[in-house]
Every structure is written in structure tokens, then in C-alpha cells.
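Listed below are the residues making up each chain.
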Amino acid sequence: MAEHTPSPSPPGSGPRVAVVTGGGSGIGAASARRLSGDGAHVVVVDADGDSAGAVAASLPGPALAVHADVSTEKGVDAYVEAALTRFGRIDLHHLNAGVLGTLAPLPDVDAADFDHVIAVNLRGVFLGLRAAFRRYREQDSGGAVVVTASISSLRGADDQVPYQTSKHGVLGLVRGAAMYGGPRGVRVNAVAPGLIPTALFASSDDASRAKSMERRGGTVPMRRVGTPEEIAGVVAFLLGDDAAYVTGEVVSADGGAFIVNTVTRGGGAGAWTPDS
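Residues numbered from 1 in each chain as written. Predicted model: local features only at pLDDT ≥ 70, side-chain atom pairs only at ≥ 80, totals over all residues. Heavy atoms only, no water.

Peer 1: Which parts of the structure should I look at to understand the packing of aromatic side chains?
Peer 2: Applying the stated rule across the entire model yields 1 aromatic pair. Over the ring of Tyr180 we find Arg184; its NZ or CZ atom is 3.7 Å from the centre of that ring. (Phe/Tyr/Trp six-rings, centres within 6.5 Å; stacked < 30°, edge-to-face > 60°. Lys NZ or Arg CZ within 6 Å of the ring centre and 35° of its normal.)

This is the structure we're talking about:
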């Protein structure tokens, strides 16, 4: 007997309910604004409750702010319960919450800092995916999930070991969840931003590195950094009906940084200067 495949809430059946973690600033806030503008009811989740509240209050449609730590089962349960109490269901998830962590070289990385980054960026995504699938099962519905990965999911660097380790792991979760979700009408994809100036990097422990982001953005093929709104546009596409046959994908939104070949003449970052 063929397995029952639940259908996602069809267009026109009423507003969809979207959860956005890390929604108090940066990419998450832009995603919340875009989804709300597109007609969704939005649950803004953040470890900074004041920021979540400010974003929720600014949205054009119905919204709810939830102060929660996504790295804990208690925190994830709290935002799911709050969403259900207010809106009755959850259709869409943007699992975006993340921390940068130390930029120390490998021998100097503190184990506690490594564990914290893994807890938020990787365990938090696992808990969010698990909660999403449990909710879809309870609703007997399909749905869509987008996870914020990173250019660091696809490339290596020696100054962000905890962060890139967590972001590599995120892709394993996305692909496993997409395989599980396919027969169940649940799509799971990732967006991999490149250089996007946000508070995540502005608050890093290397201020000069954060301040140099604009200049480093000039070395990618499009010669600029991106904006949170540009990433939110990709998220909205992946969560929407136009991406109904897309799952398990990692969409790079990085101004072309991923395609750069650093070992061929004229092909690599640094082969030109931003001023040129």
C-alpha cells in the first residue's frame, strides 16, 4: 500500500503560520518581515526577548514574539507551544538562530566555546527539525523548512573552526531531514549566505575583521556584500509554492563567492582589488 502523503496547506486556505528563530535581528528579522509581508502569521523567536518583541511589533501582519533558547528542548517546546496557543498550527519554519563563536586558531579554541557554538548552531537545528516533524505529524500535514547554513558549510577557513564545523553539520541534518520528509510532504532546504553584514559578525571578538567585511565583499564576483533582505528573498522562495518540487537543496546566496577558483589565473578572490 502506498504511504499516505499529507498535503501542505493549499494556497487560499488561509494564512500560513511561520516560525523564525533568531528573528530578533539580521537575517532572521528580514525573513520575518518578508514572510509577514507575504501574508504569513509570524512567530519571532530569539534569545533576546526585547529584540524579538520589537521585530514582532513592527510586522505588518499578526505576529508573536517568544523569548527562547533554541539549544534546549525546553526552549524549543516553549516556542512551539506559544505558536499553537496563538495561531493553532505551524506550517513553515525558518531555523536561522546562530552564533559565531571564537575566531581563535585551532590550538587556542576553548572547548566550552566550541560546545556552545555546536549547541546553538547544530543541536538547535536538530531540535527545531525534530519539533517541526512532530508538529506536521500531529497536524497530518505537509510543510516546509529552511535552515540557514553558510558559505562556511561549503568551504574551509582556519579562523572559525567551531562555526564552520557546526555549519558543515547543518547540511547533514538538512539532507537527512529532506530524505525523511519527502514521502511525508515536508520539504527541507538550506540557504548558504556569503558575506552579509549583521550583528552576528559586528559583535565578533575580532572587530577589525568585522569592519573589513565591506572591503572583503569587493573580492567576490559581484563586488559587494549582500543584505539580509536578499537572503530573506531566497528563504521566502524556498518556503513558498514556487519551490514545491525543491528539497534537500543548498542555495548559495553569496555574490558568486562559491564559484571562485583560487588556483587559476584571474580566477581567485584577491586577484583583483575592490577599487578596480
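Peer 1: Please explain the pairing of strand 3 (residues 63–67) as it appears in this structure.
Peer 2: Within a regular strand, side chains alternate between the sheet's two faces. Where strand 2 (residues 41–46) lies against strand 3, 5 bridges are found, and the strand directions are parallel. Note on strand 3: the bridge partner recorded for Val43 is Leu64. This β-α-β element, strand 2 to helix 2 (residues 49–58) to strand 3, shows right-handed connectivity. (Pairing = 2+ DSSP bridges. Helix = DSSP H or I, 4+ residues; strand = E, 2+ residues; numbered from the N terminus. Right-handed = clockwise from strand over helix to strand, strands pointing away.)

Peer 1: I'm lost on the side chain of Thr148 in this one. Help?
Peer 2: Inspection of the secondary structure puts Thr148 in strand 5 (residues 143–148). Accessibility expressed as a relative area gives 6% for Thr148, which makes it buried. There is a polar contact of 2.8 Å between the side chain of Thr148 and the side chain of His94. The residues touching Thr148, leaving out its near neighbours within four places in the chain, are His94, Leu95, Asn96, Lys167, Val170, Val191 and Pro193. (Buried < 20%, exposed > 50% of the residue type's maximum accessible area, 1.4 Å probe, protein only. Polar contact = N/O pair within 3.5 Å; in protein donor to acceptor, adjacent residues only side chain to side chain. Contact = heavy atoms within 4.5 Å.)

Peer 1: Which parts of the structure should I look at to understand the environment of Tyr79?
Peer 2: If you trace the backbone, Tyr79 turns up in helix 3 (residues 73–87). Classification of Tyr79 as buried rests on a relative accessible area of 1%. A C-alpha to C-alpha distance of 10.0 Å links Tyr79 and Val20, two positions 59 residues apart in sequence.

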